[in-house]
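# Architecture and fold: a report
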2 protein chains.
Amino acid sequence: MNVLKLKSCSIYFEDDRFTNLNAYLSNSQYTSITIICDTLTYKHCLPLVLKRIKNLSKAHIIKLPNGEKSKSIDVVQNIFAQLIKTQQSKKMLIINLGGGTVCDIGGFAASVYKRGVDYINIPTTLLAMVDAAIGGKTGVNFLGLKNIIGTIYQPKCIIINTNFLNTLPQLEIYSGLAEMYKTQIIGFKKMQPINLTNKTLFQQSVYNTVKFKVGIVLKDEFEQHERKILNFGHTIGHAIEGYYSQINTQILHGEAVVIGMICATWLSYHRQLLSHNDFEKIISTIKNNFKLTLVSKQYFSALYLLMQNDKKNSFKLPSFILLKAIGLPIIQVEVSKMEIIKSLTYYNSLCK
Amino acid sequence: MNVLKLKSCSIYFEDDRFTNLNAYLSNSQYTSITIICDTLTYKHCLPLVLKRIKNLSKAHIIKLPNGEKSKSIDVVQNIFAQLIKTQQSKKMLIINLGGGTVCDIGGFAASVYKRGVDYINIPTTLLAMVDAAIGGKTGVNFLGLKNIIGTIYQPKCIIINTNFLNTLPQLEIYSGLAEMYKTQIIGFKKMQPINLTNKTLFQQSVYNTVKFKVGIVLKDEFEQHERKILNFGHTIGHAIEGYYSQINTQILHGEAVVIGMICATWLSYHRQLLSHNDFEKIISTIKNNFKLTLVSKQYFSALYLLMQNDKKNSFKLPSFILLKAIGLPIIQVEVSKMEIIKSLTYYNSLCK
């Protein structure tokens, strides 16, 4: 439980000595290093990184505004301008130190600056460790659509150090947990509670989640087929995130995915794909581990419109990942507006 | 002399029947097609294309402003907005109908919209037919730096129909000729005049140039090694284009590359890499086929600064492709400011 390989990307599970990252940087010949962080990781994570990782004393630091709002083309242009101003060459290295937002935006900048430079992800949130930082998907939002502009471009390394989670708010932990339970639903044979109090058991769960994702990405890097299953819960989830952002209502990615997973599970049962037994197991596990909050009926039509525009959509009807059983997802199931509204109504019935 | 393959991209040499393109579109299952053109190709080329290519009756048309100025992030955002507004799915197709600018910007949009959709290049200038449209390099300019933002993302097809050249101004033809002579200098054993009046001979020259480029890109798609030789003449050439654009002075890509090729040839001779005989052959061929215009001495320092920021540059000194002989280039030769200025001074001495 130390390293996983995803093509030319090495995923290291490290402690605060950062042994593998230090070795990688010592053996490489980058002309310069730029660290991209946000206001939170600048304060809580950067000091440790600068102290423990050699070769970073001369690194340029780019500090982004905090939160999903910074995943914009304007912010990316600002990164380009700083890279140009400091004359960063094609042989530079970008290190993304942060959650999914920093990894997505920094990875996108790396993938298009000078037609692509090397980058490393150091995820600092649980969500980024088990999902966003892994697999090379980069992206920014545009006109309210999440990740509508982006690339698939693998980092050179991903450094996973769960000690960064010590400074993370509890809500952010739950956001990552949603993706870990998603992995159980689509990839494992049974649902198991994730132990948050035993560090060794928890790290093993993180490792298992990452390992599952790596296996999927290796089979289908450009999301032609298998990789689509990772979008379980995300058709509705992304629409909710997009819409809540338009109406300036805060919601975490994990909260939105939880709603999406419940709806997709209900749709699977409603379509008679999923047994009542598996349906109950999934719903009760999610209910036991997450606080559910109502989605206003007034939003349903707007959410449907956003789903039609989801980039995962090949055709005009929203496309879902549904389930034939726990651990047995099926991709590209088109679902009607009426069914989607019924699934959201079912979700709301659980919010008591 | 009908088709070349570049990985999954087919390069078809067509006449006005567009037999291969018609077959490709009939056999594919795109949910929609968007044609990107500029004001000139909208007028001179689009009518023929719409008339002769089936499946395009419902195509969305995006018309860009004409010229290099439109290769900006603002224009790309405008393309994204139109694709979103018309709800283009991940299974859409973009067709770029135009010169290098349209192919570069349309290819970039295709490579990042929904993390990449399929696209086809139909180059309408000689420069685009023999160079810009081939090889998957996409890009936009930013802060005066040419193609500083971009990707390497191959089109599905490239359609080369030299009949489009009938409406092209003579100066634009010379711009393409510069790249064709460049191919002779770096890739063929000897320099030969290109016949512009015999259609069959001319088409054969176009085919030979494309075939050479395809061979290079196949060996080294991501420009780690061999592909760099295609940048012969471009270190100084790109700096001139960038600077002239900053000071609002018109210059065609080919004119800038001609200056760059003469300077690089002189540098090769000056460094005693190239024989006097080969040096003379190259210089006289270029002089016989192109009109040379003075580069003001006052620009030299600004040009050098831009070269330091060239994206081909791995290190701080500008990097050049030089020659050991006709057809024998060497890559990544660092050249000092003093030598670059001397080479530009030599170029100016030819402008009599």
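Let me begin by describing the structure that accompanies this report. The residue numbers shown here count from 1 along each chain, following its written sequence. Labels are handed out in written order, letters beginning with A for the chains and numbers beginning with 1 for the ligands. Reporting of local features is limited, given that this is a predicted model, to residues whose pLDDT is at least 70; pairs of side-chain atoms are given and counted only at 80 or more, and all residues count toward the totals for whole chains, interfaces and linings. Heavy atoms throughout the structure, all of them, feed into the side-chain values; hydrogens and water do not.

## Regarding the relation of the copies chain A and chain B
Turning chain A through 180 degrees and shifting it by 0.0 Å along the axis lays it on chain B, with an RMSD of 0.0 Å. Considering both components of the superposition, the chain copies are consistent with a two-fold axis. Comparing interface residues between copies, 100% of those in chain A also lie at the interface in chain B; the contact surface is shared. To line up the copies, we fit them by least squares on C-alpha atoms, keeping just the residues with pLDDT of at least 70 in both. What makes two residues a contact is simply this: any of their non-hydrogen atoms within 4.5 Å.

## Some words on the environment of Lys352 of chain A
Residues and elements named next belong to chain A. A run of H or I in DSSP counts as a helix once it spans at least four residues, and a run of E counts as a strand once it spans at least two, with each numbered from the N terminus. Here Lys352 shows up in the segment after helix H13 (337–350). Categorising residues by exposure relies on relative accessible area from a 1.4 Å probe, with only protein chains included: less than 20% of the type maximum marks a residue as buried, more than 50% marks it as exposed, and the intermediate range marks it as partly exposed. Exposure remark for Lys352: the relative accessible area of 86% places this residue in the exposed category. Counting along the chain gives 14 residues from Lys352 to Met338, while the straight-line C-alpha distance between them is 23 Å.

## Let's talk about helix H9 (residues 234–246) of chain A
All names here are of chain A. For H9, spanning 13 residues, the distance from its first C-alpha to its last is 18 Å, which sits close to the expected 18 Å at 1.5 Å a residue. Burial of H9 is extensive: eleven of the 13 residues sit out of reach of the surface. Residues of H9 that are buried include every one of His234, Thr235, Ile236, Gly237, His238, Ala239, Ile240, Glu241, Gly242, Tyr243 and Tyr244, and no others. Next to the buried residues of H9 lie strand S8 (145–149), helix H7 (170–187), helix H10 (253–270), helix H12 (300–308), strand S10 (319–325) and H13. Here, expected helix span is obtained from the residue count minus one, scaled by 1.5 Å.

## A few points about the pairing of S8 of chain A
Within S8 of chain A, five of the five residues are buried, which leaves it mostly tucked inside the rest of the structure. Here strand S7 (residues 140–142) of chain A folds back onto S8 of chain A in antiparallel fashion, the turn holding two residues, of which Leu143 of chain A has a positive phi close to 50 degrees. Strands qualify as paired when DSSP identifies two bridges or more between them.

## Let's talk about the interface of chain A and chain B
Accessible area lost on assembly of the parts is the figure often given for the size of an interface. Residue-level contacts link 36 residues of chain A with 36 residues of chain B. In this assembly, chain A packs against chain B so that about 3,400 Å² is buried in total across both faces, 58% of it on carbon and sulfur atoms. Criterion for a salt bridge: a side-chain nitrogen of Lys or Arg within 4 Å of a carboxyl oxygen of Asp or Glu. Summed over the shared surface of chain A and chain B, the result is zero salt bridges. Under this definition, polar contacts are N or O atom pairs within 3.5 Å; protein pairs additionally need one hydrogen-donor-capable and one acceptor-capable atom, and for neighbouring residues in sequence, both atoms have to be side-chain atoms. Counting every contact that joins chain A to chain B gives six residue pairs in polar contact (both at pLDDT 80 or more). A 1.4 Å probe defines the accessible area here, and the buried area is the portion of it lost by two parts on being joined, summed over both.

## Regarding the sheet that holds strand S4 (residues 60–64) of chain A
Residue and element names in this part refer to chain A. Taking strand neighbours across the sheet as the criterion, the seven strands line up as S1-S2-S9-S6-S5-S3-S4 in an open arrangement whose pairing is mixed. Only two strands of the sheet have a single partner each, and these edge strands are strand S1 (3–6) and S4. Ignoring which end each strand starts from, the neighbouring axes of this sheet average 15 degrees apart. Note that S1 and strand S2 (residues 9–13) share four bridges and pair antiparallel. Bridging from a neighbouring strand, Leu4 pairs with Ile11 of S2. All axes here are fitted lines through C-alpha atoms, helices being fitted over the stretch that makes contact, and every angle between N-to-C directions spans 0 to 180 degrees. Packed on one face of the sheet, helix H5 (residues 100–112) meets strand S3 (33–38), S4, strand S5 (93–98) and strand S6 (118–123) and runs near 165 degrees to S5.

## Remarks on a nonpolar patch on the surface
Candidate patch residues must exceed 30% relative accessible area and have no salt bridge, after which like charges are joined if within 9 Å and Val, Leu, Ile, Met, Phe, Trp or Tyr side chains if within 5 Å. A 1.4 Å probe and the Shrake-Rupley method give the accessible areas. Residues count as covered only by the protein chains that appear here. On the surface, Tyr42, Leu50 and Ile61 of chain A cluster together to form a nonpolar patch covering roughly 230 Å² of accessible area. Inspection of the secondary structure assignment puts Tyr42 of chain A in helix H2 (residues 39–44).

## Here we look at the sheet that holds strand S4 (residues 60–64) of chain B
Residues and elements named next belong to chain B. A sheet is described by the order of its strands in space; here seven strands give the open sequence S1-S2-S9-S6-S5-S3-S4, paired in mixed fashion. Across the chains shown, the open sheet's two edge strands, defined by having one partner strand only, are strand S1 (3–6) and S4. On average, adjacent strands in this sheet sit at an angle of 15 degrees to one another, irrespective of strand direction. In the packing of helix H4 (residues 73–85) onto the sheet, contacts are made with strand S3 (33–38), S4 and strand S5 (93–98), and the angle to S4 comes to roughly 165 degrees. Against the sheet, helix H5 (residues 100–112) engages S3, S4, S5 and strand S6 (118–123), with an angle of about 165 degrees to S5.

## Things to note about the environment of Thr31 of chain A
Residues and elements named next belong to chain A. By the secondary structure assignment, Thr31 is in the loop between helix H1 (19–27) and S3. Thr31 sits 62 residues away from Leu93 along the chain, and the two C-alpha atoms are 7.9 Å apart. A polar contact of 2.7 Å, which involves the side chain of Thr31, links it to the side chain of Ser89.

## Regarding the packing of aromatic side chains
Aromatic rings in a pair are described by how distant their centres are and how their planes are angled relative to each other. Residues and elements named next belong to chain A. Only Phe, Tyr and Trp rings take part, Trp by its six-membered ring, and two of them pair if their centres are within 6.5 Å. Stacked means planes under 30 degrees apart, edge-to-face means over 60, and tilted covers everything else. The tally for this structure, following the rule as stated, stands at 26 aromatic pairs over all chains. Aromatic side chains Tyr24 and Tyr30 sit 6.4 Å apart centroid to centroid with 40 degrees between the ring planes, which places their arrangement in the tilted category. Look at Tyr181 and Phe290: their rings are 5.8 Å apart centre to centre, the planes differ by 80 degrees, and that puts the pair in the edge-to-face class. Taken together, the residues span a long stretch of sequence, with Tyr181 in helix H7 and Phe290 in the loop between helix H11 (276–289) and H12 at a distance of 109 residues. Phe290 shares its class with Tyr181; the two are buried. Throughout this description, the term charge over a ring refers to an Arg CZ or Lys NZ atom that lies within 6 Å of the ring centre and within 35 degrees of the ring normal. The positively charged end of Lys63 is found above the aromatic ring belonging to Tyr42, 4.1 Å away from the centroid.

## Section: the pairing of S10 of chain A
Among the seven residues that make up S10 of chain A, six are buried, leaving the element largely enclosed by the rest of the structure. Here S10 of chain A hands over to strand S11 (residues 328–334) of chain A after two residues, with Gly327 of chain A in that stretch at a positive phi of 85 degrees.

## What to know about the side chain of Lys182 of chain B
All names here are of chain B. Summarising the element assignment, Lys182 is placed in helix H7 (residues 170–187). Lys182 sits in the buried class, given a relative accessible area of 2%. Residues within four places of Lys182 in sequence aside, it is in contact with Asp131, Leu230, Phe232, His234 and Met261.

## Concerning the side chain of Lys228 of chain A
The topology assignment puts Lys228 of chain A in the loop between helix H8 (199–219) and H9. Apart from residues lying up to four places away in sequence, Lys228 of chain A is in contact with Asp220, Glu223, Ile321, Ile331 and Gln332 of chain A.

## Re the pattern of salt bridges
If charged atoms from side chains of opposite charge come close, those side chains can pair. A full pass over the atoms with the stated rule returns 16 salt bridges over all chains. In this structure, the salt-bridge partner of Asp15 of chain A is Arg17 of chain A, at a minimum N-O distance of 2.6 Å. You can call Asp15 of chain A partly exposed: its relative accessible area is 29%. Judged by relative accessible area, which is 58%, Arg17 of chain A ranks as exposed. With a closest N to O distance of 2.7 Å, Lys71 of chain B and Asp104 of chain B form a salt bridge. In this pair, Lys71 of chain B is assigned in the loop between S4 and H4 and Asp104 of chain B in helix H5, connecting sequence segments 33 residues apart. Overall, Lys71 of chain B belongs to the buried group, its relative accessible area being 2%. Since its relative accessible area comes to 8%, Asp104 of chain B is described here as buried.

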